[in-house]
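Structural characterization, general
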Amino acid sequence: KLWPDRVGLVGGGGHDWPPAAQAWLDAMEIDCAGIRHYADYESLRAWQVTDWDGRRTQVWRTKGQAIPDQLAFRYEFLSASYRQAKALHYGIHPEQPNLKIAHDLHRANPAMVIAIEPFKDVDAPLPEAEVRALLSAGQIFSPNVREAEMLVGKCDSLELVRRLGTMGAEIVTLRMGGEGSLVYR
């Protein structure tokens, strides 16, 4: 079993962090030690639009510095228990993937399984070296079909996962919307 019985969250929240949301997280026994609370900001708000083909569009309702501050994810934000977790799953933007956190975690805890999930398509093709670095930073890479095609070219699902694996992904979990998922190792 990869994921333990308890999970934790890392991220930021504003002064308006809803008590009902915290109560729900507490009732679910989700460890919130990784949530940073910002007295000067409201919590982030965005619309998530998912199209039939799995393409995701995020429409930010929050403006300004609150977005990068609350979304920041750095090794020093993690408690000792999070640094020694069995596994960690985090999202990236492929053009600015923050792979340093994966490298820092692997150095501190070589047994940790790191799963990386793109949160958006790339705006333009990435150089091959950047794709290889992205795919090899963790043990699991989990794109949707469109995100995978933007990285390695358009082809059928089996070829997509094969290409991602050939370029460095140890395990690929290709999210295919209503068709389910395809796992490659």
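Residues numbered from 1 in each chain as written. Predicted model: local features only at pLDDT ≥ 70, side-chain atom pairs only at ≥ 80, totals over all residues. Heavy atoms only, no water.

This part is about the overall build of the chain. A count of helical and extended segments in the chain gives seven helices and nine strands. Over its C-alpha atoms the chain spans a radius of gyration of 17 Å, differing by no more than 12% from the 16 Å that the globule rule assigns to 185 residues. Each of the three principal axes of the chain carries a C-alpha extent, and together these read 45 × 35 × 30 Å. Considering only contacts in the chain between residues 6 or more positions apart, those separated by 24 or more positions represent 63%. Summed over all atoms, the accessible surface of the chain reaches about 10700 Å², with 56% contributed by carbon and sulfur. (Helix = DSSP H or I, 4+ residues; strand = E, 2+ residues; numbered from the N terminus. Rg over C-alpha atoms; globule rule 2.2 N^0.38 Å. Contact = heavy atoms within 4.5 Å. Areas by Shrake-Rupley, 256 points an atom, 1.4 Å probe, with all protein chains shown as cover.)

The five strands lie next to each other as E5-E6-E7-E8-E9, forming an open sheet whose pairing is mixed. Edge positions in the sheet fall to strand E5 (87-92) and strand E9 (181-184), since each of these pairs with one other strand and no more. In this structure, strand E6 (residues 113-118) lies alongside strand E7 (residues 140-141), joined through two bridges in parallel fashion. The partner of Ala115 across the bridge, within E7, is Ile140. (Pairing = 2+ DSSP bridges.)

This brings us to the packing of aromatic side chains. The final tally for this structure, using the stated rule, is two aromatic pairs. Note on Tyr38 and Tyr41: the rings are 5.8 Å apart at their centroids and 45 degrees apart in plane angle, and the pair reads as tilted. A centroid spacing of 5.3 Å and a plane angle of 55 degrees characterise the contact between Phe73 and Tyr90, whose relative ring orientation is tilted. With Phe73 in the loop between helix H2 (66-71) and helix H3 (80-83) and Tyr90 in strand E5, the pair connects residues that are 17 residues apart, well separated along the chain. (Phe/Tyr/Trp six-rings, centres within 6.5 Å; stacked < 30°, edge-to-face > 60°.)

Backbone geometry places Glu29, a non-glycine residue, at a positive phi of 60 degrees. With respect to the element layout, Glu29 can be found in the loop between helix H1 (19-27) and strand E2 (31-38). Given a relative accessible area of 52%, Glu29 falls into the exposed group. Here Asn98, not a glycine, exhibits a phi torsion of approximately 50 degrees, which is positive. With respect to the helices and strands, the residue Asn98 is situated in the loop between E5 and helix H4 (100-108). (Buried < 20%, exposed > 50% of the residue type's maximum accessible area, 1.4 Å probe, protein only.)

Sheet topology note: the strand E1 (residues 8-14)/E2 ladder contains six bridges and is parallel. Bridge assignment links Gly12 to a residue of E2, and that residue is Arg36. Between E1 and its parallel partner E2, the chain crosses via H1, and the hand of that crossover is right-handed. (Right-handed = clockwise from strand over helix to strand, strands pointing away.)

Summed over all chains, the structure comprises 14 salt bridges. For the salt bridge of Arg74 with Glu76, the shortest nitrogen-to-oxygen distance reads 3.1 Å. Arg74 gets classed as partly exposed once you look at its relative accessible area, which sits at 40%. For the salt bridge of Glu149 with Lys154, the shortest nitrogen-to-oxygen distance reads 3.8 Å. Among the residues examined, Glu149 registers a relative accessible area of 19% and is labelled buried. (Salt bridge = Lys/Arg side-chain N within 4 Å of Asp/Glu carboxyl O.)

When helix H7 (residues 157-166) is considered as a whole, its buried residues turn out to be Leu160, Val161, Leu164 and Gly165. Buried residues in H7, looked at end-on, bunch into an arc of 130 degrees, giving them a common side. As for H7, its buried residues are in contact with helix H5 (128-136), E7, helix H6 (145-152), strand E8 (171-175) and E9. Where H7 starts, the residue carrying a side-chain oxygen 3.0 Å from the main-chain nitrogen of Leu158 turns out to be Asp156. Count one or two residues on from H7 and you reach Gly168, which has phi positive near 130 degrees. (Arc of directions from axis to C-beta. Polar contact = N/O pair within 3.5 Å; in protein donor to acceptor, adjacent residues only side chain to side chain.)

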